[in-house]
Amino acid sequence: VPTIYLNDTPIEALGLSLAEGGPLLGGFSVTRATQSWQGRAGGIASPVGTVGPRVVRMVADARVASAAARLALMDALADTLTGLIEVRYEDAPDRVLRGTARVFEAAVAMAPSWVNLDPRVVVEIECPNAARVDVEPRSVVLGATPAAVPVGTLPHGGRVFLTGAAAGALSTETRLRYRGVSGVLLGELVLLPALLAGEFLTIDLDAPSLVRTTTAGVTSNVYGWKTGGAFFRPAPRDGVRSADAWGTLELTAGAGLYVYARQWST
Amino acid sequence: MTAPLIPTTLDPAELDPVSRTIAHWRGADVSTRLVSGQLGTFTRGATATLVDTAGAAFTAANAMPRWEPRDWLATGLRTHMGLLMGTADRLTWTADWRPRALAFLVEFVENGTRTGSGTVFAVSNAADSGARLVLASNGTNYGLTHHNGTAGLTVTLSGAQAATNDRVTVRGYLYADGSVQLWQSLNGGAETFTARSAANALAAAWGAAALLRLNATGTGAGGAAWYRRLKLVPGNPDPAVVARTF
């Protein structure tokens, strides 16, 4: 049974058997500084918390028939642990962590290593984004009517592809509005685009950036089209998961397609 | 009120994934970029429609790829993201690699009746001349053609035929001797396959200025399909290895 996938490859296919460090079930640890004041019982919490990179740790055993086979296994692992690695767990295969290997150790239980062949392998992968991200993104069509945006357990960015109505021209002030489940306005991006018919604007809420694409596919930076407001991120605190009620996005002009991947602490 | 936690960017900017394929494109990346980082070129000369996760319609501008979620696992939900392409949609990447033994895997949903020139993917130049590799429908079944610039041969599946909205997985081999073979699975069912063709020596290079093309050859009309994955892997490894090669 596969346990952990490294770049789509189950570690079992590499010849490893997981011993420790199985699926991560919990969220991550948040560090939040507090300041003690004289005469106060307790402390004053910082407005922002901090989460370090997620470290995926696994300990696995291998059975090998020869020292040469062990060396081949180590080489295959070293190849797999190169560059940015996608890590998925069998119990949540639709969420992915991305990181780089910082520890790759292998040792035998008892020396000498040419007599006791079977290695125990320790791998640690450090993921700068501590969140687990949906493998498959979602999309929401945006217009004048507020459209619900389901969220993971962490805020996410994503991209809005903006056009005029039916991919026509768009040159009027356009506001991208984000509201909480109660309808209160939580975020707004004010744009004054100059899109010709057949062109589209990519609003990247992660970067953040504004990029125009012409009918010929030529792209250009049009950050100057932003005339007010600020980039924002839909967040889980703005919805009610148990009621499947979420924050919403709407446009005051034009039409949009919002494509995003939910992010999870678990 | 405390501020919400903001995840950092998805990838550290200074590091990229290391792909062990010739080309690996995934619709779930919502990008024309291959896993290796190579950026594709998408073209379409007109607007076209798509639907979102909830099934709401949207009109995409001319040069906008139609990222559309589909029910790839037959669960009744639009859970998997892919690229919807019509006969006017083109997506290409440079193909600087030489003809060689390779395996390929392509996953898609048929979105209309295939015609005699309904290409799934190809390595070919703008004139479809010289050495080329083409997976296309003959209007009924998928066939794989390897042409070395002098002579060509084709293997064609028989039996079960893909229909509109069928989930299709096609895999195949170009062997070192230039022969080809093809497998097909419809809607997760058992595979049907062709016999291995005769040999047809590999050319030293693909036709001049050849590109890796999704949904079309250089000259023919495109197919009408929703694409989820295209992967070309060096050598002729078994299907399990092809599936897990990143």
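Rules behind the numbers
Along each chain, residues carry numbers from 1 onward, in the same order as the chain's sequence is written. By the order in which they are written, chains take letters starting at A while ligands take numbers starting at 1. Per-residue local features of the predicted model are confined to residues with pLDDT of at least 70, and side-chain atom pairs are confined, for both listing and counting, to 80 or more; whole-chain, interface and lining totals are unaffected and use all residues. Excluded from the side-chain calculations are hydrogens and water; all other atoms, namely the structure's heavy atoms, are used. Only DSSP runs of H or I with at least four residues qualify as helices, and only runs of E with at least two residues qualify as strands; both kinds are numbered from the N terminus onward. Radius of gyration here uses only the C-alpha atoms, and the compact-globule reference equals 2.2 Å multiplied by the residue count raised to the power 0.38. With a 1.4 Å probe rolled over the protein chains alone, any residue whose accessible area is under 20% of its type maximum counts as buried; one over 50% counts as exposed, and the rest are partly exposed. The Shrake-Rupley method, run with a 1.4 Å probe, gives the accessible areas here. Residue values count only the displayed protein chains as cover. Only four residue types enter the tally: Lys and Arg on the positive side, Asp and Glu on the negative side, with His and both chain ends excluded. By convention, charge coordinates are those of NZ in Lys, CZ in Arg, CG in Asp, or CD in Glu. Throughout, a contact is declared for two residues whenever any of their heavy atoms are within 4.5 Å. The set of buried Ala, Val, Leu, Ile, Met, Phe, Trp, Tyr and Cys residues whose side-chain atoms join them within 4.5 Å is what this entry labels a nonpolar core. Each reported salt bridge corresponds to a side-chain nitrogen of Lys or Arg within 4 Å of a carboxyl oxygen of Asp or Glu. Pairs of N or O atoms are called polar contacts if they sit within 3.5 Å, as long as, within protein, a hydrogen donor faces a hydrogen acceptor (for residues adjacent in sequence, only side-chain-to-side-chain pairs). Between any two strands, at least two bridges found by DSSP are needed for them to pair. Only centres within 6.5 Å qualify two rings of Phe, Tyr or Trp (six-membered ring in Trp) as a pair; their planes then separate them into stacked at under 30 degrees, edge-to-face at over 60, and tilted for everything else. Lines are fitted to the C-alpha atoms to define the axes, a helix being fitted only along its stretch in contact, and any angle between axes, read from their N-to-C directions, falls within 0 to 180 degrees.

Student: Just checking my understanding: could you explain the overall build of chain B for this structure?
Tutor: Of regular secondary structure, chain B possesses one helix and 17 strands. Compactness check: chain B gives a C-alpha radius of gyration of 18 Å against a globular reference of 18 Å for 246 residues, within 12% of the reference. Principal axes of the C-alpha set define a box for chain B whose edges measure 70 × 40 × 35 Å. Across the 246 residues in chain B, those meeting the buried criterion constitute 56%. Looking at chain B as shown, the accessible area adds up to about 9,500 Å², and 54% of this sits on carbon and sulfur atoms. Within chain B, one finds 20 positive and 16 negative side-chain charges whose respective centroids are separated by 3 Å.

Student: Looking at this structure, I do not really get the overall build of chain A. What am I missing?
Tutor: Within chain A, the regular secondary structure consists of one helix and 22 strands. Referenced to the eigenvectors of the C-alpha coordinate spread, the extents of chain A come out at roughly 75 × 65 × 35 Å. A burial count over chain A gives 48% of its 266 residues as buried. Counting only contacts in chain A whose residues sit at least 6 apart along the sequence, the fraction spanning at least 24 positions is 69%.

Student: Explanation requested: the nonpolar core in the structure shown.
Tutor: Across soluble globular proteins, nonpolar side chains have a tendency to be buried as a group. Membership of the largest hydrophobic core comes to 57 residues, with the highest contact counts inside it found for Trp25 and Leu135 of chain B. Discounting residues that sit within four places of it in the chain, Leu135 of chain B has contacts with Phe104, Val106, Thr119, Val120, Phe121, Tyr142, Gly143, Leu144, Val170 and Leu182 of chain B.

Student: Before we go on, may I ask you to explain the interface of chain A and chain B in this structure?
Tutor: Note on interface size: it is often stated as the accessible area lost on association of the parts. Taken together, the 54 residues of chain A in the interface contact 45 residues of chain B. The interface formed by chain A and chain B contains two salt bridges. Between Arg228 of chain B and Glu136 of chain A there is a salt bridge; the shortest N-O distance is 2.9 Å. The tally of links from chain A across to chain B stands at nine residue pairs in polar contact (both at pLDDT 80 or more).

Student: Help me understand unusual backbone geometry, please; the structure alone is not making it clear to me.
Tutor: Negative phi values dominate among residues other than glycine, just as trans dominates among peptide bonds. The step from Ala207 of chain A to Pro208 of chain A runs through a cis peptide bond, and the omega angle for that step is -15 degrees. Even without being glycine, Asn7 of chain A reaches a positive phi, approximately 50 degrees. You can see Asn7 of chain A is positioned in the loop between β1 (4-6) and β2 (9-10). Although it is not a glycine, Asn187 of chain B adopts a positive phi angle of roughly 55 degrees. Residue position: Asn187 of chain B is located in the loop between β14 (180-186) and β15 (192-193). The exposure class assigned to Asn187 of chain B is partly exposed, which follows from its relative accessible area of 34%.

Student: Just to check I follow, could you spell out the pairing of strand β7 (residues 85-89) of chain A for this structure?
Tutor: Residue and element names in this part refer to chain A. Across the five residues of β7, five count as buried, placing the element largely inside the fold. Where β1 lies against β7, three bridges are found, and the strand directions are antiparallel. Considered in β7, the bridge of Leu6 is made with Val87. Relative to strand β8 (residues 92-108), β7 runs antiparallel, the two being bridged by four bridges. Counted as the bridge partner of Val87 is Leu97 from β8.

Student: Just to check I follow, could you spell out the packing of aromatic side chains for this structure?
Tutor: Each aromatic ring pair is specified by the distance between its two centres and by the angle formed by the two planes. Residue and element names in this part refer to chain B. Scanning the entire structure with this criterion turns up 13 aromatic pairs over all chains. Seen from their ring centres, Phe108 and Tyr142 are 5.7 Å apart, and the 90 degrees between their planes marks the pair as edge-to-face. With Phe108 in strand β8 (residues 102-110) and Tyr142 in strand β11 (residues 142-148), the pair connects residues that are 34 residues apart, well separated along the chain. Of the two residues examined, Phe108 and Tyr142, each falls in the buried class.

Student: Any chance you could explain the pattern of salt bridges here in plain terms?
Tutor: Between side chains of opposite charge, a pair can form when the charged atoms approach closely. Residues and elements named next belong to chain A. In this structure the tally under the stated criterion is 25 salt bridges over all chains. One salt bridge in this structure joins Asp118 and Arg63, with 2.8 Å as the shortest N-O distance. With Asp118 in the loop between β8 and β9 (119-127) and Arg63 in the loop between β6 (54-62) and α1 (67-80), this residue pair connects regions lying 55 residues apart in the sequence. We classify Arg63 as exposed; its relative accessible area is 73%. Between Glu188 and Arg177 there is a salt bridge, with the nearest N and O atoms lying 2.6 Å from each other.

Student: I'm lost on the sheet that holds strand β13 (residues 159-163) of chain A in this one. Help?
Tutor: Strand pairs in the sheet, formed through backbone hydrogen bonds, run parallel or antiparallel to each other. All names here are of chain A. The antiparallel open sheet is built from six strands, whose spatial order is β11-β21-β13-β16-β17-β18. Edge positions in the open sheet fall to β11 (138-142) and β18 (219-221), since each of these has one partner strand only. Sheet twist, expressed as the average angle between the axes of neighbouring strands with direction ignored, equals 20 degrees. By the bridge criterion, four bridges tie β13 to strand β16 (residues 200-204) in an arrangement that is antiparallel.

Student: What am I meant to see in the pairing of strand β3 (residues 48-51) of chain B here?
Tutor: Put simply, side chains in a regular strand alternate between the two faces of the sheet. Residue and element names in this part refer to chain B. Note that β3 and strand β4 (residues 57-60) share four bridges and pair antiparallel. Looking at the pairing, Thr49 lines up with Thr59 of β4. The antiparallel pairing of β3 with β4 creates a hairpin that spans five residues between the two strands, and Gly55 there sits at a positive phi of about 95 degrees.

Student: Which parts of the structure should I look at to understand the environment of Val241 of chain B?
Tutor: Checked against the element boundaries, Val241 of chain B lands in helix α1 (residues 239-244). Sequence separation of Val241 of chain B and Arg66 of chain B is 175 residues, and the distance between their C-alpha atoms is 30 Å.

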